[in-house]
Amino acid sequence: MISFKKAKTYIEKFGSPLLLLSKDQVKENYSVLKKCLPSVDLYYAVKSNPNIELLRAVKEVDGFFDLASAGEIKILKELNIPASKCIYTHPIKKREDIKYALDYGVKLFIIDNEYEIPKLIEFKKDLDVLVRISISNPDCPVDLSLKFGAEPKDALDLIKKAHKEGISVKGISFHVGSQNVNAYKYIEALEFCKDIFKLAALEEIYFDTLDIGGGFPVSYTKNIMPIDYSCSIINNYLEKNFQNCRVIAEPGRFISATSMTLIASVVGKSKRKGIYWYYLDDGLYSTFTGKVFDACDYKILTEKSGEPKACVIAGPTCDSFDIIYKNILLPELDIGDILIFPNMGSYTNASATNFNCIEPTKIIVV
Ligand SMILES: Cc1ncc(COP(=O)(O)O)c(C=O)c1O
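Not measured: the values here are computed from a predicted model.

Draft legend 1. Quick look at the packing of helix 8 (residues 184-202) against helix 9 (residues 227-241). The contact between helix 8 and helix 9 brings their axes to 9 Å, and the two run at 15°. Between helix 8 and helix 9, the angle is such that the two are roughly parallel. Here helix 8 runs over helix 9; the crossing is right-handed. Only Tyr-229, Ile-233, Ile-234, Tyr-237, Leu-238 and Asn-241 of helix 9 make contact with helix 8, whose side of the interface consists of Tyr-184, Tyr-186, Ile-187, Leu-190, Glu-191 and Lys-194. Of the residues belonging to the contact of helix 8 with helix 9, the class tally is nine nonpolar, one polar and two charged.

Draft legend 2. How the structure looks around the packing of aromatic side chains. Counted by the stated rule, this structure contains 13 aromatic pairs. Each ring, one from Tyr-43 and one from Phe-64, has its centre 4.7 Å from the other, and the planes form 35°; the classification is tilted. Highlighted residues: Tyr-43 in strand 2 (residues 40-45) and Phe-64 in strand 3 (residues 64-67), separated in sequence by 21 residues. The same class applies to Tyr-43 as to Phe-64, namely buried. Each ring, one from Tyr-220 and one from Tyr-298, has its centre 5.9 Å from the other, and the planes form 80°; the classification is edge-to-face. Taken together, the residues span a long stretch of sequence, with Tyr-220 in the loop between strand 8 (209-211) and helix 9 and Tyr-298 in the loop between helix 11 (289-293) and strand 12 (309-314) at a distance of 78 residues. Judged on exposure class, the residue Tyr-220 and its partner Tyr-298 are both buried.

About the criteria used
Residues numbered from 1 in each chain as written. Predicted model: local features only at pLDDT ≥ 70, side-chain atom pairs only at ≥ 80, totals over all residues. Heavy atoms only, no water. Axes fitted to C-alpha atoms, helices over the stretch in contact; angles between N-to-C directions. Helix = DSSP H or I, 4+ residues; strand = E, 2+ residues; numbered from the N terminus. Parallel < 35°, antiparallel > 145°, perpendicular 65-115°, else oblique. Left-handed = near helix turned anticlockwise from the far one by under 90°. Contact = heavy atoms within 4.5 Å. Nonpolar A, V, L, I, M, F, W, Y, C, P; charged D, E, K, R; others polar. Phe/Tyr/Trp six-rings, centres within 6.5 Å; stacked < 30°, edge-to-face > 60°. Buried < 20%, exposed > 50% of the residue type's maximum accessible area, 1.4 Å probe, protein only.

Shown next, in the form of structure tokens:
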């Protein structure tokens, strides 16, 4: 964790707000997850943070990449990442994006409904697909099952339809939801996969790939199950049931979240109805976008001491929606104070806007 003294020297040199990226942390996260899931190839989900230096760190540990748009491919091209290291996992694709990915050399795609099949037929000799199933997870902060995934009971039908059109279906994928803290959700999903593998084999459609998606959580404000424990539950199941299959995963958050720290400054202060409001130079429209789109809460660190008082922390834009913390206990702050926010590397800068034409928060590698 960065000290306030060091944070101030960065702010003096580069200005505020500032995101500090640790490439070593990216590499560490990748290797921790790899050690926990030794038989699984890890495709870093670029969507969680497409910063080029972060991607370079994944490249430097010989990582794989999970892509969801032509724009993401353009960044990988700049890094000369071979397409053989990439998969394209967006279940709903524009024709141009399919073509762009294929021209780059990506081979493995995902489908989750029959309307995607006609888009792929013209390219069928150049690609393989996995069928994504939906895993309902209402307790998860980001339940992806509403928007994506075939119902497990409908998966065989979809597999047969694609197969009949000459599209090579190689296996099944799922995503249990992002920041999923319940390892048994993976087992629930794997049980469905096991059944679908068997049903497909009865139709003489043989699978060799299983994609267990992302969802591996990090500790933001609450303690969570250690990752090695959660993964041991998954490994045991895979060893018993999927020995002869290539298993891949698409972790985003676990690789990127802890790699970035935000330093922001108090640029305004007011007292409204007896409560202090502090206005920061970063907010919901920028790095804190994850509070809106990722249902995420972030820890705040201050060097101020004193009696904690309920206060409001707001962002810099002219929108009254731009309130980061509505009721939080902090010692009294002053204009010019800095705050440090650890674990700001996932779904933060990735989804930031430039509303009010405010410059994006600068990212520096430390
Ligand atoms: C298809 C797909 N793969 C991987 C990820 C990464 O998930 P996570 O960051 O939870 O690991 C996501 C996140 O939304 C996704 O939609």
